[in-house]
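Coordinate inspection notes
Letter by letter, the chains look like this.
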Amino acid sequence: MSESEASVDWDAAAPAFDDEPDHGLRDPEVRRAWADRLRGWLPGAAADVLDLGCGTGSLSLLAAEQGHRVTGVDLSPAMVDLARAKLAGRDAVFLVGDATAPPVGEQRYDVVLVRHVLWSLPDPARVLRHWRGLLRPGGRLVLIEGRWGTVSPVGISADRLTGLLAPVAGHVRVERLSDDPLLWGRAVADERYAVVATE
C-alpha cells in the first residue's frame, strides 16, 4: 500500500484481506489462473522480483513458487506480517515501507511487480520513473491495474497508463484481464489489465 492510501486502516483490513478471491488466491482455479498469467509476465529463469504494495504476499508466493527471489514492500505492518508467515521458509524478504519510495537502498531488480497501487497515487508519472530506476538493464515493470466500477469508476485506464510509460519504456504490452473470470472468482464488466513494460 502507499502513503496516499493511508486513510484506509490496512492493518485492520489485513485479517480479512485474503477473503476476496483475487487477493487470497485460495480457490485452486483462481490461484492457477494467476500463476499462469504470472508465468507469462515474469522471466523464465530465476529472477529478483520486487513486489510493491504486496499486501499479504499472494503474488509474491506465486513468484517464489516459480523459482524467483522476492522482496515485498507494504505500508501495513499487519500485511507484512501475514506475507512473512505465508512465505516462511522461502527465498523472500518483506519490508514495511511506502511503495512509492521502497526502502531497498541501491538494490536493483529484474522485475518490479505492482498490483492495484498506481491508480491511487497523486503523481503516477514520477513514481513510474522511480520504479524504472529500480530495474537492472533489461528489467521489466509488471503493472496490474484497471478502472473498477461502472457508475463512478475509479482507477487508471490502459490508454492513460501506456501514455505515462512512453517516456520510461521502449516496449509496452497490454494484456486484457477482464475477460477471464477465473482471475477474479467471477465475471467482471469493468476494465482490468496488465502491462509489461521493458526498455
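Structure: above.
Residues numbered from 1 in each chain as written. Predicted model: local features only at pLDDT ≥ 70, side-chain atom pairs only at ≥ 80, totals over all residues. Heavy atoms only, no water.

1. Quick look at the packing of helix 3 (residues 28–41) against helix 4 (residues 58–65)
Stated precisely, the cut-off is as follows: Geometry is summarised by axes, namely lines fitted to C-alpha atoms with helices restricted to the contacting stretch, and by angles between N-to-C directions that run from 0 to 180 degrees. Going along the chain from the N terminus, every DSSP run of H or I of four or more residues is numbered as a helix, and every run of E of two or more is numbered as a strand. Handedness of a crossing follows from how the near helix is turned relative to the far one, being left-handed for an anticlockwise turn of less than a right angle and right-handed for a clockwise one. We call two residues in contact when some of their heavy atoms are within 4.5 Å. Gly is placed with the polar residues, together with every amino acid not listed as nonpolar (Ala, Val, Leu, Ile, Met, Phe, Trp, Tyr, Cys and Pro) or charged (Asp, Glu, Lys and Arg).
Contact pair helix 3 / helix 4: the axes reach a minimum separation of 10 Å and the direction vectors enclose 60°. Viewed along their axes, helix 3 and helix 4 form a crossing whose handedness is right-handed. Across the interface between the two elements, Arg31, Trp34, Ala35 and Leu38 from helix 3 touch Leu59, Leu61, Leu62, Ala63 and Glu65 from helix 4. Considered class by class, the residues forming the contact of helix 3 with helix 4 number seven nonpolar, no polar and two charged.

2. Digging into the side chain of Glu175
Going by this rule: Under the rule applied, a polar contact is a pair of N or O atoms within 3.5 Å (in protein, one hydrogen donor and one hydrogen acceptor; residues adjacent in sequence only if both atoms are side-chain atoms).
Here Glu175 shows up in strand 7 (residues 171–176). Separated by 2.6 Å, the side chains of Glu175 and Arg37 make a polar contact. There is a polar contact of 3.0 Å between the side chain of Glu175 and the side chain of Arg173. Among all residues touching Glu175, those that are not within four sequence positions of it are Arg37, Trp41, Tyr193 and Ala194.

3. Brief notes about the pattern of salt bridges
Note the cut-off: Here, a salt bridge means any Lys or Arg side-chain nitrogen found within 4 Å of an Asp or Glu carboxyl oxygen. Relative accessibility under 20% of the residue-type maximum defines a buried residue, over 50% an exposed one, and the middle range a partly exposed one, all with a 1.4 Å probe and only protein chains included.
Tallying each qualifying case throughout the model produces 15 salt bridges. In this structure, Arg192 and Asp190 form a salt bridge, with 2.8 Å as the shortest nitrogen-oxygen distance. Residue classification places Arg192 among the buried residues on the basis of a relative accessible area of 7%.

4. A look at the environment of Ala83
Assignment of secondary structure puts Ala83 in helix 5 (residues 77–86). Residue classification places Ala83 among the buried positions, given a relative accessible area of 0%. The spatial distance from the C-alpha of Ala83 to the C-alpha of Leu25 is 13 Å, given a sequence separation of 58 residues. The residues touching Ala83, leaving out its near neighbours within four places in the chain, are Gly55, Thr56, Gly57 and Phe94.

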